[in-house]
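So you can see what is in the structure, the chains are spelled out below.
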Amino acid sequence: MGGLWHSDGGAARHDAVAWGYAAQASRRGVEIHQRTEVEGFDVGGAKITRVRTNRGDISAGQVMIAVGGMNYDKAMKAGVELPIRCYPLQAMVTQPLKPWLHTLVSSVSLHTNLVQSSRGEIVIGGGSDPYQLYSTRSTLDMKEHLAEGAVHLIPFLHGVRLLRQWAGTTDMTADYSPIMGASPLSNLWLDCGWGTWGFKATPVADKYMAQTIANQKVAPILEPFTMERFATFDLLNEMGATAASH
Ligand SMILES: Cc1cc2nc3c(=O)[nH]c(=O)nc-3n(C[C@H](O)[C@H](O)[C@H](O)COP(=O)(O)OP(=O)(O)OC[C@H]3O[C@@H](n4cnc5c(N)ncnc54)[C@H](O)[C@@H]3O)c2cc1C
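Treat the numbers as computed from the prediction; the structure is a model and nothing was measured.

### Let's talk about the domain arrangement of the chain
Here is step 1 of the chain: You can read the domains of the chain as domain 1 (14–84 + 174–242) and domain 2 (85–172).
Here is step 2 of the chain: Here domain 1 and domain 2 have C-alpha centroids that lie 28 Å from each other.
Here is step 3 of the chain: Each side of the interface is counted separately: domain 1 has 16 residues, and domain 2 has 9 residues.
Here is step 4 of the chain: Per-residue buried area on domain 1 facing domain 2 is highest for Gly-69, Ile-84 and Thr-196; these three make up 51% of the total on that side.
Here is step 5 of the chain: At the surface where domain 1 touches domain 2, the tally comes to 0 salt bridges.
Here is step 6 of the chain: Among the elements that line the side of domain 1 that touches domain 2, the one with the most residues is helix α2 (residues 71–77), at 3 residues.
Here is step 7 of the chain: Here the side of domain 1 that touches domain 2 is composed, by residue class, of 9 nonpolar, 6 polar and 1 charged.

### A look at the pairing of strand β5 (residues 85–94)
Here is step 1 of the chain: Most of β5 sits out of view: 8 of its 10 residues are buried.
Here is step 2 of the chain: Sheet topology places β5 next to strand β9 (residues 162–172); 10 bridges connect them, and they run antiparallel. For Cys-86, the partnering residue across the bridge sits in β9 and is Asp-171.
Here is step 3 of the chain: Inspection of the sheet shows β5 paired to strand β8 (residues 122–128) by 4 bridges, in the antiparallel sense.

About the thresholds
- Residues numbered from 1 in each chain as written.
- Predicted model: local features only at pLDDT ≥ 70, side-chain atom pairs only at ≥ 80, totals over all residues.
- Heavy atoms only, no water.
- Domains from an automatic or database assignment.
- Contact = heavy atoms within 4.5 Å.
- Buried area = accessible area lost by both parts, 1.4 Å probe.
- Salt bridge = Lys/Arg side-chain N within 4 Å of Asp/Glu carboxyl O.
- Helix = DSSP H or I, 4+ residues; strand = E, 2+ residues; numbered from the N terminus.
- Nonpolar A, V, L, I, M, F, W, Y, C, P; charged D, E, K, R; others polar.
- Buried < 20%, exposed > 50% of the residue type's maximum accessible area, 1.4 Å probe, protein only.
- Pairing = 2+ DSSP bridges.

Structural data, given as C-alpha coordinates:
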(Lines give C-alpha, C1' and ligand atoms only; values in the text may rest on other atoms or scores of the structure.)
Protein backbone atom coordinates (compact mmCIF):
# COMPACT_ATOMS: atom_id res chain seq x y z
CA MET A 1 0.00 0.00 0.00
CA GLY A 2 1.18 3.51 -0.70
CA GLY A 3 0.09 6.96 -1.75
CA LEU A 4 1.02 10.57 -2.32
CA TRP A 5 -0.36 13.45 -0.29
CA HIS A 6 -0.08 16.94 -1.80
CA SER A 7 -1.30 19.12 1.06
CA ASP A 8 -1.15 22.49 -0.71
CA GLY A 9 -2.76 21.24 -3.92
CA GLY A 10 -6.10 22.73 -4.89
CA ALA A 11 -8.87 23.06 -7.44
CA ALA A 12 -10.00 26.19 -9.30
CA ARG A 13 -12.92 27.10 -11.56
CA HIS A 14 -11.25 27.16 -14.98
CA ASP A 15 -13.89 29.32 -16.68
CA ALA A 16 -13.75 31.91 -13.88
CA VAL A 17 -9.95 32.02 -14.16
CA ALA A 18 -10.08 32.50 -17.96
CA TRP A 19 -12.62 35.32 -17.62
CA GLY A 20 -10.53 36.87 -14.83
CA TYR A 21 -7.49 36.99 -17.09
CA ALA A 22 -9.56 38.35 -19.98
CA ALA A 23 -11.07 41.11 -17.81
CA GLN A 24 -7.69 42.23 -16.45
CA ALA A 25 -6.00 42.08 -19.86
CA SER A 26 -8.82 44.16 -21.33
CA ARG A 27 -8.54 46.72 -18.52
CA ARG A 28 -4.83 47.02 -19.30
CA GLY A 29 -5.43 47.80 -22.97
CA VAL A 30 -5.34 44.38 -24.66
CA GLU A 31 -7.85 44.11 -27.54
CA ILE A 32 -9.73 40.80 -27.45
CA HIS A 33 -11.56 39.88 -30.67
CA GLN A 34 -14.10 37.18 -29.89
CA ARG A 35 -15.61 35.01 -32.64
CA THR A 36 -12.59 35.74 -34.80
CA GLU A 37 -11.07 32.59 -36.22
CA VAL A 38 -7.51 32.50 -37.51
CA GLU A 39 -7.73 30.75 -40.86
CA GLY A 40 -4.17 31.04 -42.13
CA PHE A 41 -0.98 33.07 -42.41
CA ASP A 42 1.00 34.83 -45.12
CA VAL A 43 4.65 33.87 -44.78
CA GLY A 44 7.55 35.60 -46.50
CA GLY A 45 11.27 35.86 -45.73
CA ALA A 46 11.05 33.25 -42.92
CA LYS A 47 8.52 35.33 -41.00
CA ILE A 48 4.78 35.82 -40.79
CA THR A 49 3.68 38.97 -42.56
CA ARG A 50 -0.08 38.70 -42.12
CA VAL A 51 -2.61 36.70 -40.10
CA ARG A 52 -5.77 35.82 -42.04
CA THR A 53 -9.01 35.61 -40.04
CA ASN A 54 -12.67 35.14 -40.90
CA ARG A 55 -13.16 38.84 -40.13
CA GLY A 56 -10.26 40.22 -42.12
CA ASP A 57 -6.48 40.28 -42.22
CA ILE A 58 -4.12 41.55 -39.52
CA SER A 59 -0.61 42.68 -40.41
CA ALA A 60 1.75 40.84 -38.12
CA GLY A 61 4.46 42.13 -35.82
CA GLN A 62 4.80 39.23 -33.41
CA VAL A 63 2.50 36.17 -33.51
CA MET A 64 1.95 33.44 -30.93
CA ILE A 65 0.16 30.13 -31.54
CA ALA A 66 -1.67 29.00 -28.38
CA VAL A 67 -4.89 27.37 -29.59
CA GLY A 68 -4.93 24.17 -27.52
CA GLY A 69 -6.21 21.18 -29.47
CA MET A 70 -5.90 23.12 -32.77
CA ASN A 71 -2.18 23.89 -32.35
CA TYR A 72 -0.93 21.25 -34.79
CA ASP A 73 -3.47 22.25 -37.40
CA LYS A 74 -2.83 26.01 -37.12
CA ALA A 75 0.98 25.72 -37.05
CA MET A 76 0.77 23.66 -40.28
CA LYS A 77 -0.98 26.66 -41.88
CA ALA A 78 2.28 28.57 -41.28
CA GLY A 79 4.29 25.64 -42.66
CA VAL A 80 5.51 24.56 -39.21
CA GLU A 81 4.94 20.88 -38.35
CA LEU A 82 4.76 20.48 -34.57
CA PRO A 83 5.67 17.14 -32.92
CA ILE A 84 2.15 16.97 -31.47
CA ARG A 85 -0.66 14.44 -31.77
CA CYS A 86 -4.20 15.15 -30.57
CA TYR A 87 -6.28 12.82 -28.39
CA PRO A 88 -9.67 13.31 -26.72
CA LEU A 89 -9.81 13.64 -22.92
CA GLN A 90 -13.17 13.03 -21.28
CA ALA A 91 -14.74 13.95 -17.95
CA MET A 92 -18.18 13.70 -16.38
CA VAL A 93 -20.10 15.12 -13.42
CA THR A 94 -22.70 13.66 -11.08
CA GLN A 95 -25.77 15.26 -9.60
CA PRO A 96 -24.93 17.69 -6.76
CA LEU A 97 -24.25 16.17 -3.32
CA LYS A 98 -23.71 17.89 0.02
CA PRO A 99 -20.03 18.88 0.45
CA TRP A 100 -17.98 15.94 1.71
CA LEU A 101 -14.90 15.65 -0.56
CA HIS A 102 -12.45 18.42 0.26
CA THR A 103 -9.49 17.22 -1.80
CA LEU A 104 -8.80 15.60 -5.16
CA VAL A 105 -8.51 11.82 -5.03
CA SER A 106 -6.63 10.18 -7.90
CA SER A 107 -5.85 6.52 -8.50
CA VAL A 108 -3.19 5.76 -11.08
CA SER A 109 -4.06 2.05 -11.13
CA LEU A 110 -7.81 2.71 -11.67
CA HIS A 111 -7.13 5.61 -14.10
CA THR A 112 -9.75 7.65 -12.24
CA ASN A 113 -9.73 10.94 -10.34
CA LEU A 114 -12.50 12.68 -8.39
CA VAL A 115 -13.01 16.17 -7.03
CA GLN A 116 -16.15 17.90 -5.73
CA SER A 117 -17.04 21.19 -7.43
CA SER A 118 -18.30 24.29 -5.62
CA ARG A 119 -21.79 23.32 -6.89
CA GLY A 120 -21.54 19.94 -5.12
CA GLU A 121 -21.14 17.87 -8.29
CA ILE A 122 -18.50 15.14 -8.27
CA VAL A 123 -16.23 15.76 -11.27
CA ILE A 124 -14.76 12.47 -12.45
CA GLY A 125 -11.85 12.25 -14.92
CA GLY A 126 -9.25 9.79 -16.11
CA GLY A 127 -6.74 9.20 -18.90
CA SER A 128 -6.92 10.26 -22.55
CA ASP A 129 -8.73 8.14 -25.12
CA PRO A 130 -6.26 5.71 -26.74
CA TYR A 131 -6.74 6.97 -30.32
CA GLN A 132 -6.07 10.23 -32.19
CA LEU A 133 -9.24 12.15 -32.90
CA TYR A 134 -10.59 15.71 -33.14
CA SER A 135 -14.13 14.75 -32.15
CA THR A 136 -15.47 16.03 -28.83
CA ARG A 137 -18.15 13.34 -28.53
CA SER A 138 -18.13 11.42 -25.26
CA THR A 139 -18.25 7.61 -25.24
CA LEU A 140 -20.16 4.93 -23.34
CA ASP A 141 -17.03 2.88 -22.62
CA MET A 142 -15.35 5.85 -20.88
CA LYS A 143 -18.54 6.49 -18.87
CA GLU A 144 -18.53 2.87 -17.71
CA HIS A 145 -14.80 2.91 -16.98
CA LEU A 146 -14.92 6.13 -14.91
CA ALA A 147 -18.08 5.03 -13.06
CA GLU A 148 -16.44 1.71 -12.18
CA GLY A 149 -13.28 3.45 -10.89
CA ALA A 150 -15.28 6.02 -8.90
CA VAL A 151 -17.48 3.39 -7.18
CA HIS A 152 -14.43 1.23 -6.48
CA LEU A 153 -12.72 4.18 -4.71
CA ILE A 154 -15.85 5.59 -2.98
CA PRO A 155 -18.49 2.82 -2.80
CA PHE A 156 -21.32 5.08 -1.59
CA LEU A 157 -21.32 6.78 -5.02
CA HIS A 158 -23.14 3.68 -6.27
CA GLY A 159 -26.56 4.82 -7.58
CA VAL A 160 -25.61 8.52 -7.83
CA ARG A 161 -26.87 9.91 -11.15
CA LEU A 162 -24.70 11.43 -13.85
CA LEU A 163 -25.60 14.92 -15.07
CA ARG A 164 -23.32 15.20 -18.10
CA GLN A 165 -20.18 13.95 -19.79
CA TRP A 166 -17.95 15.74 -22.30
CA ALA A 167 -14.64 15.56 -24.17
CA GLY A 168 -11.98 18.08 -25.17
CA THR A 169 -9.05 17.78 -27.56
CA THR A 170 -5.65 17.56 -25.89
CA ASP A 171 -2.45 18.35 -27.83
CA MET A 172 0.04 15.76 -26.60
CA THR A 173 3.81 15.66 -27.07
CA ALA A 174 5.88 12.49 -26.75
CA ASP A 175 7.33 13.56 -23.37
CA TYR A 176 4.07 15.05 -21.95
CA SER A 177 5.74 18.48 -21.70
CA PRO A 178 4.78 21.65 -23.57
CA ILE A 179 6.61 23.29 -26.47
CA MET A 180 7.33 26.90 -25.55
CA GLY A 181 9.48 29.51 -27.23
CA ALA A 182 10.79 30.02 -30.74
CA SER A 183 9.71 28.44 -34.03
CA PRO A 184 11.47 28.19 -37.41
CA LEU A 185 9.83 31.55 -38.30
CA SER A 186 11.50 34.56 -36.67
CA ASN A 187 8.33 36.30 -35.40
CA LEU A 188 6.24 33.20 -34.61
CA TRP A 189 6.22 32.04 -30.99
CA LEU A 190 4.83 28.76 -29.68
CA ASP A 191 2.94 27.96 -26.46
CA CYS A 192 1.65 24.54 -27.42
CA GLY A 193 1.50 20.89 -26.40
CA TRP A 194 0.03 21.39 -22.94
CA GLY A 195 -2.02 18.24 -23.36
CA THR A 196 -3.88 17.25 -20.20
CA TRP A 197 -2.32 19.67 -17.68
CA GLY A 198 -2.15 23.13 -19.21
CA PHE A 199 -4.65 24.84 -16.92
CA LYS A 200 -2.61 24.69 -13.76
CA ALA A 201 0.53 25.91 -15.56
CA THR A 202 -1.12 28.94 -17.20
CA PRO A 203 0.03 31.74 -14.85
CA VAL A 204 3.75 30.97 -14.94
CA ALA A 205 3.79 29.88 -18.60
CA ASP A 206 2.15 33.11 -19.72
CA LYS A 207 4.43 35.25 -17.58
CA TYR A 208 7.52 33.88 -19.31
CA MET A 209 5.92 33.76 -22.79
CA ALA A 210 5.04 37.47 -22.43
CA GLN A 211 8.63 38.18 -21.39
CA THR A 212 9.90 36.16 -24.38
CA ILE A 213 7.78 38.04 -26.90
CA ALA A 214 8.53 41.46 -25.37
CA ASN A 215 12.30 40.81 -25.49
CA GLN A 216 12.14 38.72 -28.70
CA LYS A 217 14.46 36.29 -26.92
CA VAL A 218 13.44 33.02 -25.27
CA ALA A 219 13.44 33.42 -21.46
CA PRO A 220 16.20 31.19 -19.99
CA ILE A 221 13.68 29.18 -17.92
CA LEU A 222 11.85 28.22 -21.16
CA GLU A 223 14.93 27.10 -23.11
CA PRO A 224 14.54 23.37 -22.27
CA PHE A 225 11.00 23.46 -23.75
CA THR A 226 12.26 24.10 -27.30
CA MET A 227 10.72 21.99 -30.06
CA GLU A 228 14.30 21.05 -31.10
CA ARG A 229 14.46 18.67 -28.12
CA PHE A 230 12.56 16.04 -30.11
CA ALA A 231 15.40 16.04 -32.67
CA THR A 232 18.20 16.07 -30.09
CA PHE A 233 16.41 13.68 -27.67
CA ASP A 234 16.79 16.07 -24.71
CA LEU A 235 13.32 15.07 -23.54
CA LEU A 236 11.60 16.40 -20.40
CA ASN A 237 9.46 13.57 -19.15
CA GLU A 238 6.58 15.10 -17.21
CA MET A 239 4.15 12.18 -17.27
CA GLY A 240 3.80 12.42 -13.47
CA ALA A 241 2.77 16.10 -13.65
CA THR A 242 -0.38 15.32 -15.58
CA ALA A 243 -2.13 13.95 -12.47
CA ALA A 244 -4.67 12.61 -14.94
CA SER A 245 -3.95 9.00 -14.11
CA HIS A 246 -2.27 8.03 -17.37
C1 LIG B 1 -11.76 17.00 -19.86
C2 LIG B 1 -10.50 17.77 -19.60
C3 LIG B 1 -10.02 17.88 -18.31
C4 LIG B 1 -8.86 18.61 -18.04
N5 LIG B 1 -8.43 18.73 -16.75
C6 LIG B 1 -7.33 19.47 -16.48
C7 LIG B 1 -6.89 19.63 -15.13
O8 LIG B 1 -7.49 19.09 -14.19
N9 LIG B 1 -5.79 20.38 -14.89
C10 LIG B 1 -5.09 20.99 -15.90
O11 LIG B 1 -4.11 21.66 -15.61
N12 LIG B 1 -5.48 20.86 -17.19
C13 LIG B 1 -6.58 20.11 -17.51
N14 LIG B 1 -6.97 19.93 -18.81
C15 LIG B 1 -6.10 20.45 -19.88
C16 LIG B 1 -6.29 21.94 -20.11
O17 LIG B 1 -7.67 22.21 -20.35
C18 LIG B 1 -5.46 22.37 -21.34
O19 LIG B 1 -4.12 21.92 -21.23
C20 LIG B 1 -5.46 23.90 -21.43
O21 LIG B 1 -6.78 24.38 -21.57
C22 LIG B 1 -4.62 24.36 -22.62
O23 LIG B 1 -4.63 25.75 -22.62
P24 LIG B 1 -4.40 26.56 -23.95
O25 LIG B 1 -4.55 28.01 -23.60
O26 LIG B 1 -3.13 26.08 -24.59
O27 LIG B 1 -5.60 26.10 -24.92
P28 LIG B 1 -7.18 26.25 -24.72
O29 LIG B 1 -7.56 26.41 -23.29
O30 LIG B 1 -7.80 25.14 -25.52
O31 LIG B 1 -7.48 27.63 -25.43
C32 LIG B 1 -7.29 27.76 -26.82
C33 LIG B 1 -8.26 28.82 -27.34
O34 LIG B 1 -7.97 29.03 -28.72
C35 LIG B 1 -9.19 29.15 -29.43
N36 LIG B 1 -8.97 28.77 -30.83
C37 LIG B 1 -8.86 27.53 -31.38
N38 LIG B 1 -8.66 27.62 -32.70
C39 LIG B 1 -8.64 28.94 -33.00
C40 LIG B 1 -8.48 29.68 -34.22
N41 LIG B 1 -8.28 29.09 -35.40
N42 LIG B 1 -8.55 31.04 -34.16
C43 LIG B 1 -8.75 31.68 -32.99
N44 LIG B 1 -8.90 31.04 -31.80
C45 LIG B 1 -8.84 29.69 -31.82
C46 LIG B 1 -10.16 28.19 -28.70
O47 LIG B 1 -11.49 28.58 -28.96
C48 LIG B 1 -9.73 28.41 -27.25
O49 LIG B 1 -10.46 29.47 -26.66
C50 LIG B 1 -8.14 19.22 -19.11
C51 LIG B 1 -8.61 19.10 -20.43
C52 LIG B 1 -9.79 18.39 -20.67
C53 LIG B 1 -10.29 18.29 -22.10
